[in-house]
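Listed here are the chains, written in short residue letters.
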Amino acid sequence: MTVICREQDGAFVMVKQHEHGQLAGTFAEWFKEEHTPAEGRRAEVLRAVSNHDRGWIDLDETPFWNDAEGAPYSFIDFPVVPKLTFYRRGLNEIEADTPYGALLCSLHFERLIEVSGEECPELTQYQQDEADRRARIHRELEQSRPIGEGELYYDARLLQFCDDLSLFLALSEPGSAESEKHPWFADGFSGSEDFSFTSGKAIQAEWQDKSTLILDPFPFTQDVGVSFKQRRVSQKDIKLKGIAKAYRETPEEECRITVTSRPGEEPKVKSGAGGRTTG
């Protein structure tokens, strides 16, 4: 199963779930410092953003075919019951590293479930189990270092934005026209208007060329260069070999993108700013 799958010139362009998650983590690292979490939990938040989809690592290796759609299963249409199993698996692993990160990611998945509108007994049980997890983590943190007012809400917005921006890159053909933008992002990144520096305006994305993406308002301390891996799996190969073999035999390609601001609005580069490139 692959997190993102889009059709392009007779092929399915596919990006792994955890690859996408690590890309989101890179964006979180570069987010403007005056708008990032308090120093005490910053490292935990960054690890949570990078690893929020780690439950899918093993399953990422072999995609499954959706006969009804005539395409590989993606995070959008993957069956709900096994999806919940991998949600739990990832959250358990994150909680072993950072309980606050698990709290943050559990809320993130809850939002995705609410948006999807899915319903079934297994989903109801999952939501109850996760509500219990979040209540337990809240109690445990209250005994050590209570969560500050608005802290969790802000961190959830940060995860949502970085997740959405990473998703935008994988759902878009670099350099594509505004008319080809995925409908999820037609009005900008939902929730980004909550950041103080946007003055209530949703952050918009626009391709400058095949390797440069413009964000406005710009949320980072400087231009951010990222790299991620994807596979362009030929639909012809899928018919001949099946999805699993065609995917396995398709070499990975590296996609390099620079995320920048509009000309004349370049952000100030802070001394000693750090970051990393995924892939």
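Preceding block: the structure.
Residues numbered from 1 in each chain as written. Predicted model: local features only at pLDDT ≥ 70, side-chain atom pairs only at ≥ 80, totals over all residues. Heavy atoms only, no water.

Chemist: Would you take a moment to explain the pairing of strand 1 (residues 4–8) for this structure?
Modeler: For a regular strand, the rule is simple: side chains alternate between the two faces of the sheet. The pairing of strand 1 with strand 2 (residues 11–15) spans five bridges and is classified as antiparallel. Along strand 2, the bridge assignment pairs Cys 5 with Met 14. The antiparallel hairpin formed by strand 1 and strand 2 contains two residues in its connecting segment, where Asp 9 sits at a positive phi of about 50 degrees. (Pairing = 2+ DSSP bridges. Helix = DSSP H or I, 4+ residues; strand = E, 2+ residues; numbered from the N terminus.)

Chemist: What is the right way to look at the sheet that holds strand 7 (residues 224–234) in this model?
Modeler: Strand pairs in the sheet, formed through backbone hydrogen bonds, run parallel or antiparallel to each other. Here six strands make up an open sheet; going across it, the order is 1-2-7-8-6-5 and the pairing mixed. Sheet topology places strand 1 and strand 5 (204–209) at the edges, where each strand pairs with a single neighbour. Neighbour-to-neighbour, the strand axes of the sheet open up by a mean angle of 35 degrees, direction not taken into account. On top of the sheet, helix 1 (residues 17–30) reaches strand 1, strand 2, strand 7 and strand 8 (253–260); it is set at about 165 degrees to strand 7, its chief contact. (Axes fitted to C-alpha atoms, helices over the stretch in contact; angles between N-to-C directions. Contact = heavy atoms within 4.5 Å.)

Chemist: Please explain the pattern of salt bridges as it appears in this structure.
Modeler: It is possible for side chains bearing opposite charge to pair when their charged atoms get close. Counted by the stated rule, this structure contains 21 salt bridges. Two residues, Lys 201 and Asp 216, come together in a salt bridge whose shortest N-O distance is 3.4 Å. Linking Lys 201 in the loop between helix 6 (151–171) and strand 5 with Asp 216 in strand 6 (residues 212–216), this pair joins segments that are 15 residues apart in sequence. Classification of Lys 201 as partly exposed rests on a relative accessible area of 40%. By relative accessible area, Asp 216 is classed as buried at 15%. Put simply, Arg 262 and Glu 206 hold a salt bridge, and the shortest N to O gap is 3.0 Å. Taken together, the residues span a long stretch of sequence, with Arg 262 in the segment after strand 8 and Glu 206 in strand 5 at a distance of 56 residues. Given a relative accessible area of 27%, Arg 262 falls into the partly exposed group. Residue Glu 206 is classed as partly exposed on the basis of its relative accessible area of 33%. Through salt bridges with shared partners, one network takes in Glu 95, Glu 130, Arg 133, Arg 136 and Glu 140. (Salt bridge = Lys/Arg side-chain N within 4 Å of Asp/Glu carboxyl O. Buried < 20%, exposed > 50% of the residue type's maximum accessible area, 1.4 Å probe, protein only.)

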